[in-house]
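Breakdown of the fold
For reference, the chains in residue letters:
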Amino acid sequence: DAGITQSPRYKITETGRQVTLMCHQTWSHSYMFWYRQDLGHGLRLIYYSAAADITDKGEVPDGYVVSRSKTENFPLTLESATRSQTSVYFCASREDTITGELFFGEGSRLTVL
Amino acid sequence: AQSVTQLGSHVSVSEGALVLLRCNYSSSVPPYLFWYVQYPNQGLQLLLKYTTGATLVKGINGFEAEFKKSETSFHLTKPSAHMSDAAEYFCAVILIQGAQKLVFGQGTRLTINP
């Protein structure tokens, strides 16, 4: 099916563990984004990518790592999870047009105990 | 400094009443402006956007927004609320000067009373 998919949808982990959230899109969009959503903060940009092998920091990148070896995939890794990283994470993609629509995945709810 | 501010984290209206969700931006140069909606347990989807041209923009599901440069505002309205409009609404901007990344407001949760 065409679209943008995230996995896992739900994840519970412990402090200090490594966690990877996956994001896959089928449109071959150039740009991909990772946001986190927290009550009172709206959505905050973690990292984004303009193309394969090109990534850049967003507003809140500390504690996160991304890679983009293929256009369609944009995994987000928490190298050593902390409780403050408990959040809902959204992946999004768009075409190479600055005013283009962002297409969002359904989100990954991460709980760090 | 916050680029975009949504006034009211929670708005409640009766079914059939006017919906007004407020959004103000802080930029000397008018940015590109967007409204996104998030239904429960889903990702966000675009309602409408303003880039250039006509300042009154019509979106999906009967929503519209008007860009007012003098008030640095982009308020979202719908003449008659429906139960299915209950969701969280996000105003977002792309500042033309600077990093040109989409920045979201804090969101407004809209509740519709029967």
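Scroll up a little and you will see the structure.
Keep in mind it's a predicted model, so treat the numbers as computed, not measured.

Definitions and limits used
- Residues numbered from 1 in each chain as written.
- Chains lettered and ligands numbered in written order.
- Predicted model: local features only at pLDDT ≥ 70, side-chain atom pairs only at ≥ 80, totals over all residues.
- Heavy atoms only, no water.
- Contact = heavy atoms within 4.5 Å.
- Buried area = accessible area lost by both parts, 1.4 Å probe.
- Salt bridge = Lys/Arg side-chain N within 4 Å of Asp/Glu carboxyl O.
- Polar contact = N/O pair within 3.5 Å; in protein donor to acceptor, adjacent residues only side chain to side chain.
- Helix = DSSP H or I, 4+ residues; strand = E, 2+ residues; numbered from the N terminus.
- Disulfide = S-S within 2.5 Å.
- Buried < 20%, exposed > 50% of the residue type's maximum accessible area, 1.4 Å probe, protein only.
- Pairing = 2+ DSSP bridges.
- Axes fitted to C-alpha atoms, helices over the stretch in contact; angles between N-to-C directions.
- Core = buried A, V, L, I, M, F, W, Y, C linked by side-chain atoms within 4.5 Å.
- Phe/Tyr/Trp six-rings, centres within 6.5 Å; stacked < 30°, edge-to-face > 60°.
- Lys NZ or Arg CZ within 6 Å of the ring centre and 35° of its normal.

**Describing the interface of chain A and chain B**
Contacts between the two partners involve 19 residues from chain A, matched on the other side by 19 residues from chain B. Considering only the side of chain A, the residues that lose the most area to chain B are Leu43, Ile98 and Thr99 of chain A, jointly responsible for 33% of the buried surface there. The tally of links between chain A and chain B comes to 0 salt bridges. The tally of links between chain A and chain B comes to 4 residue pairs in polar contact (both at pLDDT 80 or more). Taken together, the elements giving at least two residues each to the side of chain A that touches chain B come down to β4 (31-38) and β5 (42-51) of chain A. Looking at the side of chain A that touches chain B element by element, the count peaks at 4 residues for β5 of chain A.

**Quick word on the state of the cysteines**
Scanning the model with the defined rule gives 2 disulfides over all chains in all. Each sulfur of the disulfide joining Cys23 of chain A and Cys91 of chain A lies 1.9 Å from the other. Because the sign of the S-S torsion sets the handedness, a value of about -75° for the bond joining Cys23 of chain A and Cys91 of chain A places this disulfide among the left-handed ones. Of this pair, Cys23 of chain A sits in strand β3 (residues 19-25) while Cys91 of chain A sits in strand β9 (residues 87-94); the two residues are 68 residues apart in sequence, bridging distant segments of the chain. We note that Cys23 of chain A, like Cys91 of chain A, is buried. Covalently, Cys23 of chain B is tied to Cys91 of chain B through a disulfide, its sulfur atoms 1.9 Å apart. The sign of the S-S torsion, about -65°, decides the handedness of the disulfide formed by Cys23 of chain B and Cys91 of chain B: left-handed. With a gap of 68 residues between them, Cys23 of chain B in strand β3 (residues 19-25) and Cys91 of chain B in strand β9 (residues 87-94) connect regions that are remote in the sequence.

**A few points about the sheet that holds strand β1 (residues 4-7) of chain A**
Residue and element names in this part refer to chain A. With antiparallel pairing, the 4 strands of this open sheet are ordered in space as β1-β3-β8-β7. Edge positions in the sheet fall to β1 and β7 (64-66), since each has one partner strand and no second. Adjacent strand axes in the sheet meet at a mean angle of 15° when their direction is disregarded. Pairing between β7 and strand β8 (residues 76-78): 3 bridges, direction antiparallel. In the strand pairing of β8, Val65 is matched with Thr77.

**Remarks on the nonpolar core**
Taken as a class, soluble globular proteins show a tendency for nonpolar side chains to be buried jointly. Core analysis: the biggest nonpolar cluster contains 27 residues, and Trp35, Leu48, Leu76 and Tyr89 of chain B have the highest contact counts within it. If sequence neighbours within four positions are ignored, Leu76 of chain B has contacts with Val19, Leu20, Leu21, Trp35, Leu47, Leu48, Phe63, Glu64, Ala65 and Tyr89 of chain B. With 21 residues, the next largest nonpolar core counts Phe33 and Phe104 of chain A together with Ala92 and Ile94 of chain B among its residues.

**Side note on the environment of Gly107 of chain A**
Residues and elements named next belong to chain A. Mapping Gly107 onto the fold places it in the loop between β10 (103-104) and β11 (108-112). The exposure class of Gly107 is buried, given its relative accessible area of 3%. Residues Gly107 and Gly16, spaced 91 residues apart in sequence, show a C-alpha to C-alpha distance of 22 Å. Dropping the residues within four chain positions of it, Gly107 is found in contact with Gln6, Arg9, Val88, Tyr89 and Phe90.

**Considerations on the packing of aromatic side chains**
Summed over all chains, the structure comprises 16 aromatic pairs over all chains. Each ring, one from Phe33 of chain A and one from Tyr48 of chain A, has its centre 6.2 Å from the other, and the planes form 20°; the classification is stacked. Linking Phe33 of chain A in strand β4 with Tyr48 of chain A in strand β5, this pair joins segments that are 15 residues apart in sequence. The pair Phe33 of chain A / Tyr48 of chain A is uniform in exposure class, with both members buried. A centroid spacing of 4.6 Å and a plane angle of 20° characterise the contact between Tyr50 of chain B and Phe67 of chain B, whose relative ring orientation is stacked. With Tyr50 of chain B in strand β5 (residues 44-50) and Phe67 of chain B in strand β7 (residues 64-68), the pair connects residues that are 17 residues apart, well separated along the chain. Among the residues examined, Tyr50 of chain B registers a relative accessible area of 8% and is labelled buried. By way of ring pairs, the aromatic residues Tyr31, Phe33, Tyr35, Tyr48, Phe90 and Phe104 of chain A together with Phe34, Tyr36, Phe90 and Phe104 of chain B are connected into one cluster. For the cation-ring pair, Arg94 of chain A lies above Tyr31 of chain A, with the distance from its terminal atom to the ring centre recorded as 4.2 Å.

Geometric values such as these leave the question of function open.
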